[in-house]
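# Coordinates in review
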Amino acid sequence: MTALRMLFLTVAAVIGAGIWKTGFDKASWVLYVPMGLMLFAGITGICPGLIFWNKCGLK
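## Here we look at the overall build of the protein
The secondary structure content of the protein amounts to three helices and zero strands. Reading the protein from its N terminus to its C terminus gives the helix and strand order α-α-α. In terms of overall dimensions, the protein has a C-alpha envelope of 35 × 25 × 15 Å along the principal axes. In the protein, which comprises 59 residues, the proportion classed as buried is 17%. The contacts of the protein with a sequence gap of at least 6 include a subset with a gap of at least 24, amounting to 50%.

Rules of the game
- Residues numbered from 1 in each chain as written.
- Predicted model: local features only at pLDDT ≥ 70, side-chain atom pairs only at ≥ 80, totals over all residues.
- Heavy atoms only, no water.
- Helix = DSSP H or I, 4+ residues; strand = E, 2+ residues; numbered from the N terminus.
- Buried < 20%, exposed > 50% of the residue type's maximum accessible area, 1.4 Å probe, protein only.
- Contact = heavy atoms within 4.5 Å.

Here you go:
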């Protein structure tokens, strides 16, 4: 487990805790997008956001 993957999992857990404390029925669906992407990145090691911004020309 790399530090970057652990960071993704930690941030996803904090967002998930915020959604849980707010209430699943009251939290906006927009909050689920970064949480899902970070969970995916933390588990697989493939970061969709990083791939997107690299393809846009940013390093």
